[in-house]
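Topology and contacts: notes
Letter by letter, the chains look like this.
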Amino acid sequence: MAKKNKLLLIDGSSVAFRAFFALHNQLESFKNRNGLHTNALYGFHNMIEKILKEENPTHALVAFDAGKTTFRTEFYPEYKAGRAKTPREFTEQMPYLRELLKGFGIYYYELENYEADDIIGTLSAQADEKAFDVVVVSGDRDLTQLAKDNVKVDITVKGVSETKTYTVESIKEEYGIAPLQIIDMKGLAGDKSDNIPGVTKIGEKTALTLLQEYGTVEGLYEHIDDMKKSKRKENLINEKETALLSKKLATIIKDAPLAITLNDLVYNGPDTKKLIDFYKEMDFKSHLNRLDTSELEETLEANRSDIQFQKVTILTDEMFKDNQSIYVEMLTDNYHTAQVVGISWGNEEKIYACEPEVAFHSDIFKKWAEDGHSKKKTFDSKRTYVALKHHGIELKGVVADLSLEAYLLDVKDNSSDLAAIAEEYDYFDVATDESVYGKGAKRKVPEDKEQLYAHLARKIKAIAILCDQLMEKLEENQQTELFTDIELPLANVLADMEMAGITVNSKRLEEMKGEFAEKLQELEQKIYAEAGETFNINSPKQLGVILFEKMGYPVIKKTKTGYSTAVDVLEQLQDQAPIVAYILQYRQIAKIQSTYIEGLLKVIDKKTGKVHTRFSQTTARTGRLSSVDPNLQNIPIRLEEGRKIRQAFVPREENWRIFASDYSQIELRVLAHVSDDQHLKEAFIEGQDIHASTAMRVFGLEKAEDVTPNIRRQAKAVNFGIVYGISDYGLSQNLGISRKEAQQFIDTYFEKYPGVKQYMEDVVREAKDKGYVETLFHRRRYLSDINSRNYNLRSFAERTAINTPIQGSAADIIKVAMIQMEKALKASDLRATMLLQVHDELIFEAPEEEIETLEKLVTDVMEHAVALSVPLLVESDNGKSWYDAK
DNA sequence: TAGAGTGAG
DNA sequence: CTTTACTCACTCTAT
């Protein structure tokens, strides 16, 4: 026999409200990391979880009140009047309640002019007709009027996960009346909380007694003449209208015009993925742990369809066609050193997989891979390209890259795991790498090779389907050119740079290592002597104890976990604490030693003496590149000790040079362009010193000679601040001036550069309207907090809105230049090689005799990569090491 | 694995 | 009234 249908109906508004007040005394401990209160969500969650487990419904719905006005307020405006204002801490949780319900897989509904009660009443009646069992959950006892033989009503008591069940019998027992008589009782006695008046001097007790005798309000008035004379009878007669009105108000509608039917409410269990996201968002750690990801995987695994593919050992021409996808699997991040463990290719209809050696030794595979006319889709084209190139195959004809496409559509979608990206687009037919290979030290190819190839086949299918989908979305966003003309070709340029690598003089590093080790020892001894004991200087915690407890220096700043020992704090202590100078020196050298000397030595390729970084094209939210393993975009330069590290970066051959070109003030030039500020533009067009020019305008100086170095420094800080989305505090900290003075600088700046001010207002307004900002080339960044009620989140989003188009457009420009540069080098007979990009500069190595030509070429390409309304200016230098190319 | 700290543009 | 400049990666300690 089929399981009997059971409908669960929850009065969302009242339960959420109950949950909020049940946990109100702990309001402040229920907050997520963004400061959102979560107590109502938490209580509601636990109630639902419990009721689902107990009742195991086949259908479910959560009903909400739609708003303040309902058909009841139309005929009785005072209905529910006089209620205290809903606390903001409660209302801020309501949108997330809907997310929670999506996670539970429960439908929710609200209907204009009706209350949640009426939706529940109507559905309960419909379920009754179809002989469903019904469970109603509410915090409001009014709902008990719905009880029937097949309808029970759970009313929450103290807290929300505990409920009291009302059935026909229990109501009879407790009140001596039938459920429907509850409305008659309200008619007579009224209800304070809903502001239903009732009849004077009649309370619940009296009402019940009267109903025992007369059955209903109407029945009572039919026999009112039989009642013996009393004050009560008088009241009843005088207030007949009120009694009938009150009854009408208390009556739950059974025929509300719902746009949903029972069929819409089928309950299929939770969407574990969404629940996990919800728990993460709310910082519900205990729930998260309980519902570990293996459960999610199991759910998805169970729903995953079989994948058809052919594992092949001999490759034939028929297997390779135009418009296929290709995936080259490696189990570690670093594709320069990773081992390929499997290869798969094909289209939606036909998928092939083989062991790496089969493909690497196949001329047919090589011919197809290297055929630029044979179009290919990939997940991460740079990774794929490099892996194949290591085996003598030069991948060509790539027209799609799922990873890059997802990143351009939303810079937050930058996972290296295909399944994570697929999931974002509601594609679940591919497993995560972690579930197939495991994680950490246990990561390995599954024993059953079939599983590996099935996984790869699923990736091919996902790439085939999703690349097309995402390309359409790119087109909708006007991002096709950004993808096709910039990001995709750039991937190849970057691959070549990474593979070229930069030569590192490890002997020089070893020498420095020895010198620094000695210095560190000396400093260590001095610090211990000052402190009077030994301790771990690298531990901010231990250092804090020494400085602020043992030695008793004043605490200037605190961190979440204890005393702050950051540079700015230590610098303030320097005068009174001799130990501090040593600590600062120690920190500086320890950083150089561990990160730049030991760190770099570890990643030098022993055979070639080179390091091969990886440029990530999908990490930075602004569109910049990032560099990892090693990070070659933060090699020291500001302080001499660190700068010496650059002496170890040398050309690959003797008599070659390191050549570096950088854009001068590219971000301010971009600002001049996008803001169209006349004065800023003029300064660049006339080739003025921009910081001096700003200084003259902001400080009202007449002659260039009046700009002292100090004034120029201040103006420079203001210019930086402008690009970052300035605040008076930030500027005051940077310049060591008062907040008031900083504000004065900013005000004057905006007065003198009205176009910049206008731009900032416009870009923030646009971000608030559209939810995202864009760069010159339509790179897009969504700012979900831009309309947040939380000041911090909103301010941060506003500054980001100002900064991203500037930083991002600069990133766009240098990317264009890089693509053109590689092309220009290939077209020339130069041996010069592009090696690195550091946000606004490009680093090359080249034979000495090419330097002159190279400089002309690079300058021309970089300066004309993009035409702005102000000129772009490039400055270059070269030397026998990176250090000397300053 | 998070947080503090520091390197770069 | 809040808080306090944008973008990253790496190393270390401590849990």
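Residues numbered from 1 in each chain as written. Chains lettered and ligands numbered in written order. Predicted model: local features only at pLDDT ≥ 70, side-chain atom pairs only at ≥ 80, totals over all residues. Heavy atoms only, no water.

- Looking up chain A in an unreviewed UniProt entry gives the name DNA polymerase I, with the organism given as Pisciglobus halotolerans.
- Recorded in UniProt for chain A, the comment headed Sequence similarities (unreviewed entry) runs: "Belongs to the DNA polymerase type-A family."
- UniProt, in the comment section headed Subunit (unreviewed entry), describes chain A in these words: "Single-chain monomer with multiple functions." (UniProt positions renumbered as here; feature names shortened; annotations may be inferred.)

So, the protein's contact with DNA strand C
- If you check the shell around DNA strand C, you find 36 residues, and the closest are Ser539, Arg621, Asp629, Gly721 and Arg739.
- When the atoms of DNA strand C within 4 Å of the protein are sorted by group, sugar and phosphate make up 64%.
- At 3.5 Å, a side-chain N or O of Arg624 approaches a base oxygen of DNA strand C.
- Gln807 has a polar side-chain atom sitting 3.1 Å from a sugar or linking oxygen of DNA strand C.
- Listed by contribution, the elements that provide at least two residues to the surface near DNA strand C are helix H25 (540–550), helix H27 (578–602), strand E16 (626–628), helix H32 (709–724), helix H33 (728–735) and helix H36 (791–827).
- Per-element accounting of the surface near DNA strand C gives the leading share, 7 residues, to H36.
- Here the surface near DNA strand C is built from residues that sort into 9 nonpolar, 19 polar and 8 charged. (Near = heavy atom within 4 Å. Polar contact = N/O pair within 3.5 Å; in protein donor to acceptor, adjacent residues only side chain to side chain. Helix = DSSP H or I, 4+ residues; strand = E, 2+ residues; numbered from the N terminus. Nonpolar A, V, L, I, M, F, W, Y, C, P; charged D, E, K, R; others polar.)

Some remarks on the pairing of strand E1 (residues 6–11)
- Extensive coverage of E1 is indicated by the burial of 6 of its 6 residues.
- Of the pairings in the sheet, the one linking E1 to strand E4 (residues 133–138) comprises 5 bridges and is parallel in character. By the bridge assignment, Leu8 is partnered in E4 with Val135.
- When E1 meets strand E2 (residues 59–64), the two strands line up parallel, connected through 5 bridges. (Buried < 20%, exposed > 50% of the residue type's maximum accessible area, 1.4 Å probe, protein only. Pairing = 2+ DSSP bridges.)

Here's the deal with the packing of helix H19 (residues 402–409) against helix H23 (residues 480–500)
- Look at H19 against H23: their axes get within 11 Å of each other, and the N-to-C directions meet at 130°. Accordingly, the angle class assigned to the pair H19 and H23 is oblique. Of the two elements, H19 crosses H23, and the hand of that crossing is right-handed. Residue-level contacts link Leu404, Glu405 and Leu408 of H19 to Leu482, Phe483, Glu487, Leu488 and Ala491 of H23. (Axes fitted to C-alpha atoms, helices over the stretch in contact; angles between N-to-C directions. Parallel < 35°, antiparallel > 145°, perpendicular 65-115°, else oblique. Left-handed = near helix turned anticlockwise from the far one by under 90°. Contact = heavy atoms within 4.5 Å.)

Let's talk about the packing of helix H30 (residues 678–685) against helix H31 (residues 690–698)
- Where H30 meets H31, the axes come as close as 10 Å, and the angle between the chain directions of the two elements is 140°. Looking at the two axes, H30 sits oblique to H31. Classified by chirality, the crossing of H31 by H30 is right-handed. Across the interface between the two elements, His679, Leu680, Ala683 and Phe684 of H30 pack against Ile690, Ser693 and Arg697 of H31.

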